[in-house]
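# Close look at the chain arrangement
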Amino acid sequence: MGHAGPRMPWPLGFHDFSGTAQRRFGRYLVAMSVAKPSYGRAAAGLTGSNSPSDVSRPLRQIVVIGLPETAIPIAEQIATLQGPPVVRGVVLLRIDGAAREHADGPGVVLGSIEDLPLLHARYRFDGALVALPRAMSDAIQRVRSLLGGLDVSFRYVTPLSDAVQGVNLGDAPNTPDLAALVGRTPRPIHSDLVRRTISGQRVAITGAGGSIGSELCRIAAAYEPSELLLIERTENALFEIDREIGARFPKLARRALLHDVVEELETAALFEQYRPQAIFHAAAHKHVPMMEDHPAHAVNNNVFGTKSVADAALACGADRFVLISTDKAVNPSSVMGATKRFAEHYVRSLRDRGDTRCSMVRFGNVLGSSGSVLTIWSKQIAAGRPVSITDERMTRFFMTIPEAAALVIQSAGLSASESGDADVFVLDMGEPVRIVDLAKRFIASHGLTAVTTMDHSVDHLAPAHPIVFTGARPGEKLHEELAHEAEELIPTSLAGVHAWAGSAASLSETGEMMTDLAKIRRSLDASEVLATVRKW
């Protein structure tokens, strides 16, 4: 086979297979599938079953279900078998212009999977061969459900690309190496820095059920705090992280506190009761487009939630308060970024108000977090839908959740001399990553080949999976920044963490800002909220 683009890293020297050898191997897989029924639980891990009598019932009239690259060749190869069933045609997961070019022969395209009920009424097929890549698990389950409702027997045909990789439908889903996807080598944890802040201390973590918050909990629990306070307002998220910490660290004293930190009086009372010594504030609204539609929620949670926790930390005499911030706070173009910037201003204004050492840590996107691109793409691939990207030019800074959380905790352990007495830390995110390149690598990790509207001629063995560009959403930048151009980043004694040397807003300016924001924090008038946010 000719290859116009980069080759997939197939094992067993598959690139040396001749076209004839590939076709013979394909016919072997088809013959095995037609000869050996795979139903219900026997169908490579699918649950449920057709009636037992189906197992011995020969298939007489069938359709082949899959992608153009997997289903059409199989339909054509069935004709070469001895005593084959009648192939009515091919049913595709999705229909595009190229697929409709197959207008005759066994590979004629009848329609999409959503047309199965109508196609069954017309053609009365009694069986189906399903040839979808294992990565599309949701789509396979959807097909199975549709066929079950029609009382149609099905047999699974392993796509050629899955077969040469040794992939079976019942295998566990792929877990890509997240660090490799963005070309990062995670830095090791300096245990002495973590112990300075965690060991023997009462540690409180807000947003404990979130992606970063839960990882902070895992790291903190491993370094023997005297007590771990898990603060979270979402019941299920709190239940899950509390159960996990309890199972992994059964001797650790901990408290699961169902609480919304926006409630100032209750937060102060909670901290007065438990008197945490180290506080990591990870609770925040983070989804940019969502906060554009609900700006008052962003102000209330991101600004006044931070104020509530920071004030309570000072009031109870905590040793350390750390705000988890974001690169979107730099030259913000969104409500979410602006509110995180306001939160930074407020925390910096507390620098000389008490004995609590207040700081913040700014970093970019974390891979694998709830609602991040990888979780969205995973669901899209599993359902057989195109992977969506807003703009082909877009770049982002990326880091894995464990590395980001570890650096946050280590930065809290830096002494004034080790950090240059800084109160803002910026994690070394490396070079920005093109989102389209990340998507292509992620799709390849699922045994598929990414194709875009710009790929005019792609010759590949792995089934193609499309990428679509949807356009930038409100508040999104094409490129993020970790510091203003005028701001200086100074190395610290901890590799991967820089100190930010920018000047803080004046106390009077910060006070005026907070007064204005307090007036609109619960406003139902989005335009009023946005006007105040833009003012600052």
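Residues numbered from 1 in each chain as written. Predicted model: local features only at pLDDT ≥ 70, side-chain atom pairs only at ≥ 80, totals over all residues. Heavy atoms only, no water.

### Thoughts on the packing of aromatic side chains
Condition: Only Phe, Tyr and Trp rings are paired, with Trp represented by its six-membered ring, and only when their centres lie within 6.5 Å; those with planes under 30 degrees apart are stacked, over 60 edge-to-face, the remainder tilted. Each helix is a run of DSSP H or I of at least 4 residues and each strand a run of E of at least 2, with the numbering of both proceeding from the N terminus. Buried residues are those whose accessible area, probed at 1.4 Å on protein chains only, stays under 20% of the maximum for their type, while exposed residues exceed 50% and partly exposed ones sit between those limits. In our convention, an over-ring charge means Lys NZ or Arg CZ found within 6 Å of a ring centre and within 35 degrees of that ring's normal.
On inspection of all chains with the given rule, the structure shows one aromatic pair. With a centroid separation of 6.0 Å and an interplanar angle of 45°, the aromatic rings of Trp377 and Phe442 are classed as tilted. Highlighted residues: Trp377 in helix 14 (residues 373-382) and Phe442 in helix 17 (residues 435-444), separated in sequence by 65 residues. As far as the burial class goes, Trp377 and Phe442 line up, both buried. The ring of Trp500 has Arg362 lying over it, and the distance from NZ or CZ to the ring centre is 4.9 Å. Across from the ring centre of Phe304, 4.3 Å away, lies the NZ or CZ of Arg521, which sits over that ring.

### Overview of the packing of helix 18 (residues 507-520) against helix 19 (residues 526-535)
Put simply, the rule reads: Only the stretch in contact is used when fitting a helix axis, every axis being a line fitted to C-alpha atoms; angles between N-to-C directions are given from 0 to 180 degrees. An angle counts as roughly parallel when it lies under 35 degrees, as roughly antiparallel when it exceeds 145, as roughly perpendicular when it falls between 65 and 115, and as oblique in every other case. When checking whether two residues touch, look at their non-hydrogen atoms; a contact exists if any pair is within 4.5 Å. Only Asp, Glu, Lys and Arg are considered charged in this grouping, and only Ala, Val, Leu, Ile, Met, Phe, Trp, Tyr, Cys and Pro are considered nonpolar; every other residue, Gly among them, is considered polar.
Packing of helix 18 against helix 19 leaves a shortest axis separation of 9 Å and a crossing angle of 170°. On the basis of their axis angle, the class for helix 18 and helix 19 is roughly antiparallel. Contacts between helix 18 and helix 19 involve Asp516, Leu517 and Ile520 from the former and Glu528, Val529, Thr532 and Lys535 from the latter. Its residues assigned to classes, the contact of helix 18 with helix 19 shows three nonpolar, one polar and three charged.

### With respect to the pattern of salt bridges
As a reminder of what qualifies: Salt bridge, as used here: a side-chain nitrogen of Lys or Arg that lies within 4 Å of a carboxyl oxygen of Asp or Glu.
Under the counting rule described, the total for this entry stands at 20 salt bridges. For Arg348, the salt bridge identified is with Asp423, shortest N-O distance 3.1 Å. On the criterion of sequence distance, the pair formed by Arg348 in helix 13 (residues 335-349) and Asp423 in the loop between helix 16 (416-419) and strand 16 (424-427) is long-range, its members being 75 residues apart. Judged by its relative accessible area of 11%, Arg348 is buried.

### Some remarks on the pairing of strand 9 (residues 278-281)
Where we set the bar: By definition, two strands form a pair when at least two bridges between them are found by DSSP.
Side chains Ala278 and Phe280 of strand 9 all project onto a buried face; the interleaved residues Ile279 and His281 project onto the opposite face, where all are buried too. Relative to strand 10 (residues 320-324), strand 9 runs parallel, the two being bridged by four bridges. If you follow Ile279 over to strand 10, its bridge partner there is Phe321.

### Things to note about unusual backbone geometry
Of note, the phi angle at Asp151 is positive, near 60°, even though the residue is not glycine. Among the residues examined, Asp151 registers a relative accessible area of 52% and is labelled exposed. The backbone of Glu224 shows a phi angle near 55°, a positive value even though the residue is not glycine. Along the chain, Glu224 falls in the loop between helix 8 (211-222) and strand 7 (227-232). Note on Glu224: relative accessible area 62%, which makes it exposed.

### Side note on the side chain of Glu344
With respect to the helices and strands, Glu344 occurs in helix 13. Residue Glu344 is classed as buried on the basis of its relative accessible area of 2%.

### Points about the environment of Val468
Its location among the elements puts Val468 in strand 19 (residues 464-469). Between the C-alpha atom of Val468 and that of Asp391, which follows or precedes it by 77 residues, the distance is 9.1 Å. Ignoring any residue separated from it by four or fewer positions in sequence, one finds Val468 in contact with Pro386, Val387, Ser388 and Ile389.

### Looking at the sheet that holds strand 11 (residues 357-362)
Pairing is mixed in the open sheet, where nine strands are placed in the order 8-7-6-9-10-11-16-21-20. The sheet is open, and its two edges are formed by strand 8 (254-258) and strand 20 (489-491), each paired on a single side. Across the sheet, the mean angle from the axis of one strand to that of its neighbour is 25°, orientation sign disregarded. For strand 7 and strand 8, the ladder comprises five bridges, and the chain directions are parallel. Within strand 8, the position partnered with Ile231 by the bridge is Leu257. Contacts between helix 13 and the sheet are confined to strand 10, strand 11, strand 16 and strand 21 (497-500), with strand 11 contributing the most and set at about 155° to the helix.

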